[in-house]
Amino acid sequence: MALGLTATLATGLLAACSSDDDGGDDDAGGEITLRVGVFGQFGYEESGLYEEYMDLHPEITIEQDSITENGDYIAQLRTRLAQNSGLSDIQAIEVGNIAEMTSELSDAWVDFGEYSDVDTGHFAPWKIDQATDQEGRIIGLGTDIGPTGICYRTDYFEQAGLPTDREEVSALFADGWDAYLAAGEEFAADGPDDVAWMDSAGGMFNAVVSGFEERYYNDAGDIVYQDSDAVSTAWDTAVEASEAGLTDAQQQFTEEWDRAFANGAFATVASCPAWMLGYIQEKAGDAGQGLWDVAASPTPSNWGGAFIGVPEAGDHHEEAVALAAWLTAPEQQARVFTERGSFPSSTEAQQSPEVQNATHPYFNDAPIGQIFSAAAAQIPSSPIGPYEQVIQEGITDGLLLVDQQGESPDSAWDNVVSSLDNALAE
């Protein structure tokens, strides 16, 4: 079905399989409670989707359990999957953790491919590939993705004599990351003295490395970061930015980085996915209203995103699968984007009027639906592995040594390799 699991189809599926034999959370009268475990805010509860689904299915009650940080969430999820107990009927999976779920933990998840009424054809193919194990089992349905642009301060660009119109800024960077750094050199010469061109070397690295098809793993599943063209190119670009004094030497997602947004300490964020717009709005506050804008990235890529899956240990597979398919159907994905900013992993949702016509008032009414849809169409399909986040964090930690402590790039890289050798051997 082109539009995923509709309300009518979901109703029929639930009527046919109203409960499993185990009973579980069944209430009197055959009512069923479905628990959904997530990290952070997935937007389902906030957008009223649970309430809508329960109105459509009076026999279903949905309860959500949320853990703020994914690090805490995934540690608990691993433990419960290993113990085969304590799991919600639906569990969220961050993209950085999907590879371990499709490998050694794959048998702990229901295969959505076994349910003929679940339409997976509307998802971006690479998103489905990420959630498919070696046997072809689909253990997760995509929620959001993170197509990237470049976020920039129009007031600082104007002071430096750079264009401020987003199309002109996109053209300024169109020749690649060298053009972005060249604009940074011009900004450093003519812009405000107390404002850096970009926030961090780590952000620069992420922007470049994510545009390659092969980064940390190859198609065979081997770790190849030490011999990766993507890693070496991104490392050299980040080092160049740092040594040229173009960064604010920040570590992303720290209190210092948040304060830097509030204080207007830098002019650009090199890797700025759709979900980061809300983060910038929160941290920059009212003072940044209308000063930030979004341009196209020289090499659009994906940063972030998640899935939802149904653990085998659950008591209500049929009902949980129906709910998961409904939550990730194009209509619901479009709604979560327009209300919460989570960009759809459904290509059908991306082309819907709701997404295509979406703008962001805080970012000068930027046509974010069109900007990020165009970026999403260029996202490379990249193999990911179970230690993706470990490798990424190890490399960005090495760049902090260069950016904050002035350590030589060669020495910092040796430190990266040594640290990762230890981490990956555990």
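Trainee: I'd love a proper account of the pairing of strand S4 (residues 141-153), names of residues and values included.
Mentor: Among the 13 residues that make up S4, 13 are buried, leaving the element largely enclosed by the rest of the structure. The pairing of S4 with strand S8 (residues 302-309) spans four bridges and is classified as antiparallel. Residue pairing in the sheet places Leu141 in a bridge with Ile308 of S8. Summarising the sheet, S4 and strand S6 (residues 266-273) pair through four bridges and their orientation is antiparallel.

Trainee: So what's going on with the pattern of salt bridges? Residues and values would help.
Mentor: The full count for this structure, using the stated rule, is twelve salt bridges. Notably, a salt bridge pairs Glu388 with Arg215, separated by 3.4 Å at the nearest N-O pair. Linking Glu388 in helix H18 (residues 388-405) with Arg215 in the loop between helix H9 (201-209) and helix H10 (229-243), this pair joins segments that are 173 residues apart in sequence. One salt bridge in this structure joins Arg259 and Glu255, with 4.0 Å as the shortest N-O distance. Of the two residues, Arg259 and Glu255 both sit in helix H11 (residues 255-263), four residues apart, roughly one turn of that helix. The exposure class of Arg259 is partly exposed, given its relative accessible area of 44%. Take Glu255: its relative accessible area is 58%, and that puts it in the exposed class.

Trainee: Tell me what's going on with the packing of aromatic side chains, and back it up with residues and numbers.
Mentor: The way to describe two aromatic rings as a pair is by their centre distance and the angle between their planes. Counted by the stated rule, this structure contains 27 aromatic pairs. Note on Phe173 and Tyr180: the rings are 5.3 Å apart at their centroids and 75° apart in plane angle, and the pair reads as edge-to-face. Ring centres 5.3 Å apart and planes at 80° place the aromatic pair Phe337 and Phe343 in the edge-to-face group. By relative accessible area, which is 5% here, Phe337 ends up buried. Residue Phe343 is classed as buried on the basis of its relative accessible area of 0%. Following the ring pairs from residue to residue traces out a cluster consisting of Phe253, Trp257, Phe261, Phe266, Trp275, Tyr279, Trp292 and Trp303. Above the plane of the ring of Tyr156 lies Arg153, whose end atom (NZ or CZ) is 4.3 Å from the centre.

Procedures and definitions
- Residues numbered from 1 in each chain as written.
- Predicted model: local features only at pLDDT ≥ 70, side-chain atom pairs only at ≥ 80, totals over all residues.
- Heavy atoms only, no water.
- Buried < 20%, exposed > 50% of the residue type's maximum accessible area, 1.4 Å probe, protein only.
- Helix = DSSP H or I, 4+ residues; strand = E, 2+ residues; numbered from the N terminus.
- Pairing = 2+ DSSP bridges.
- Salt bridge = Lys/Arg side-chain N within 4 Å of Asp/Glu carboxyl O.
- Phe/Tyr/Trp six-rings, centres within 6.5 Å; stacked < 30°, edge-to-face > 60°.
- Lys NZ or Arg CZ within 6 Å of the ring centre and 35° of its normal.

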